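Structural description and commentary
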Amino acid sequence: MLEIKDLTVRYGAVTALHGVSLSVKAGEIVTLLGANGAGKTTTLRAISGLQRAVSGTVSFEGCDITRMPPHEIVRRGLGHVPEGRMIFANLTVVENLLMGAYLLGEAQAAEQRERVFQTFPRLQERQAQVAGTLSGGEQQMLAIGRALMGRPKCLLLDEPSLGIAPLLVRAIFEKIVEINHTQGITILLVEQNANLALAVAHRGCVLETGRVVLSDDSAALRANPQVKSAYLGG
Amino acid sequence: MTEFAQQLLNGLALGSIYALIALGYTMVYGVLRFINFAHSDVLMLGAFAAFYLAAATPHMAAATPLLHAGMVVLGAALICAVLGALIERLAYRPLRDRPRITVLITAIGVSLLIEYTCQHPAVFGAATRSFPQLFPQHNLTLGGLTLSSNDLAVLGITALLLALLWFVVQKTKLGVAMRAVAFNPQAASLMGVDVGRIISVTFALGSALAAVAGIAYALRAPGIEPLMGVQPGIKAFIAAVLGGIGNLPGAVLGGLLLGLIETFAGGLKQLSNYRDAIAFALLIIILILRPAGLLGREQPEKV
Ligand SMILES: Nc1ncnc2c1ncn2[C@@H]1O[C@H](COP(=O)(O)OP(=O)(O)OP(=O)(O)O)[C@@H](O)[C@H]1O
Ligand SMILES: [Mg+2]
């Protein structure tokens, strides 16, 4: 469904990705692991068109999207919950969700909103609240809910657990699995919490300073001694 | 007392013109974070567009004056909407990822280009031309108060446009998208918003308001000429900063306030020569007390 080949991205003189290749099949949850600065966020931003690649290709459902502007890529069914959530703090919860459904008709948007409210009842309780005043966890739910509003076929999630209490992290991961199972949405998940990520993902890739160094089933990665010592805390 | 009420009315009429112009500055600042100095020239172009439209339709002016006035105002607004969007496309969009100072200097360049091109004899020429009285002139007297029909028309049209703009920005999907782009263009693009299109629409809307303001200003001025936008442009820019740049209600408040201050200062014999100085001094004081402007505030954002 999502094919990344030999992707190279530079920030000025700094090369953040040195020919990254990875693929995600329809219906899968794939996790992208790596230390701070490994290039996980850069990979996602290059996929969704926020960051131009120097070379390499990204294709989505067999179509080359490497040079497309972000709004065209979204239109094809690729959602992105960016690092730092980037919710619209000046808009209300409902307005944020409306933006998520920007490309849908009014009726479809209303229907989709009901589904998102079912997934995240907290958002319904807070619907008229200005998003900037939500708690961090609620903002994360809003960021995911907003991306779901666009009915994506594939969702890129950048560190959904960042800055959230362990209990809520578990709840959000359950939601991620639920979204994948019941709605059939393919997921590429970037996470620092490798334990949790490998528990929900089918497969995983490990990035190190802009290169994919490992790529395997979750079970195999969990058993891998290198991964154990570097990312699973022993 | 009637003197006071009279000045109040005059001040509001002038202030609402400033408000219409200030909205354009503040809207563009909202999405692109720079001051579009060419905005003051768009208001001049609006006045000239109206001038030529009116001159081209004398029969209609005689037969149905109100319809004619509406047609002229609407036509000028449309022409300026296109021009404003065009200026953005040609001059500012190629500089999208450049430092803001580059864009700011370009804006000054565009402004000078328009002004001096228009002063060329083959275009409008530098001479002042008298502007047609679009609206039928009636001076109503009400308890010693003289209400000029022009002022009333300006106030009415401004109120209508403000209500319309408020509706668009607050209640429509386009408006939500405009606010989303103003807050974070990248995040907006991830929602499927074509940010470039929203920016074009923003320029078009602001420029249409400027055209109406330009016509209203021309109706009060002795005539129109290519540099006529400079004075009201600077005042409206100040009004936008006064109200809190990027904030729409702030632009309206700032515009009305500046119009009132200027009118009241000008009404007092001893002060009339200093009315601009008073307006600017007040601006400085307010900005010292409230650096973000009257209604400007930092939005809290949790990350
Ligand atoms: N805008 C930028 N300008 C310059 N360098 C950048 C920029 N963004 C990222 N980098 C660099 O690119 C490299 C990869 O960054 P990236 O944000 O992709 O890492 P990450 O794996 O997401 O890290 P983290 O886990 O800390 O979020 C880092 O060395 C970073 O310093
Ligand atoms: Mg990151």
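Everything that follows concerns the structure shown earlier in this document.
Residues numbered from 1 in each chain as written. Chains lettered and ligands numbered in written order. Predicted model: local features only at pLDDT ≥ 70, side-chain atom pairs only at ≥ 80, totals over all residues. Heavy atoms only, no water.

1. Some remarks on the sheet that holds strand 8 (residues 186-190) of chain A
Residues and elements named next belong to chain A. In plain terms, the rule: Strands are treated as partners if at least two bridges between them are detected by DSSP. Secondary structure is summarised from DSSP: a helix means a run of H or I of at least four residues, a strand means a run of E of at least two, and numbering begins at the N terminus for each. Think of each axis as a best-fit line through the C-alpha atoms, taken over the contacting stretch in the case of a helix, with angles from 0 to 180 degrees between the N-to-C directions. In this analysis, two residues are considered to be in contact whenever any of their non-hydrogen atoms come within 4.5 Å of each other.
Strand order in the open sheet formed by six strands is 6-7-8-3-9-10, with mixed pairing between adjacent strands. In the strand order of this sheet, the two ends are held by strand 6 (78-81) and strand 10 (211-217), each with one partner. Along the sheet, successive strands turn relative to each other by an average axial angle of 15°, direction set aside. Where strand 3 (residues 29-34) lies against strand 8, four bridges are found, and the strand directions are parallel. Looking across to strand 8, one finds that I29 is bridged to I187. Running over the sheet, helix 7 (residues 166-183) touches strand 3, strand 7 (154-158) and strand 8 and is turned about 155° from strand 8.

2. Focus: the coordination of the magnesium ion (ligand 2)
Residues and elements named next belong to chain A. As a reminder, the rule being used: The donor set comprises N, O and S atoms within 2.8 Å of the metal, extended to 3.2 Å for Na, K and Ca; water molecules are omitted, so apparent gaps in a site may simply reflect that omission. The rule is simple: take the accessible area with a 1.4 Å probe, protein chains only, and divide by the maximum for that residue type; under 20% is buried, over 50% is exposed, in between is partly exposed.
Surrounding the magnesium ion (ligand 2) are the protein donor atoms T41 (OG1) and E83 (OE), which sit 1.9 to 2.2 Å from the metal. Separated by 42 residues along the polypeptide, T41 in helix 1 (residues 40-47) and E83 in the loop between strand 6 and helix 3 (93-100) bring together distant segments of the chain. You can call T41 buried: its relative accessible area is 16%. Judged by relative accessible area, which is 37%, E83 ranks as partly exposed.

3. Let's talk about the site of ligand 1
Residue and element names in this part refer to chain A. As a reminder of what qualifies: Nearness here has a simple test: a residue counts as near a molecule or strand if at least one of its heavy atoms is within 4 Å of that partner. Here a polar contact is taken to be a pair of N or O atoms separated by no more than 3.5 Å, where protein atoms must pair a possible hydrogen donor with a possible acceptor and residues adjacent in sequence count only if both atoms sit in side chains. Areas reported here follow the Shrake-Rupley algorithm with a probe of radius 1.4 Å; residue values treat only the protein chains shown as occluding.
Near ligand 1 there are 13 residues, and of these K40, T41, T42, E83 and Q192 occur at the shortest range. N36 is positioned with one of its side-chain polar atoms (N or O) 2.8 Å from an oxygen atom of ligand 1. Note that an oxygen atom of ligand 1 is positioned 3.2 Å from one of the backbone N or O atoms of A38. In isolation ligand 1 exposes 640 Å². Once the protein is present, 61% of that is buried. Ranked by residues supplied to the shell around ligand 1, first place goes to helix 1 with three residues.

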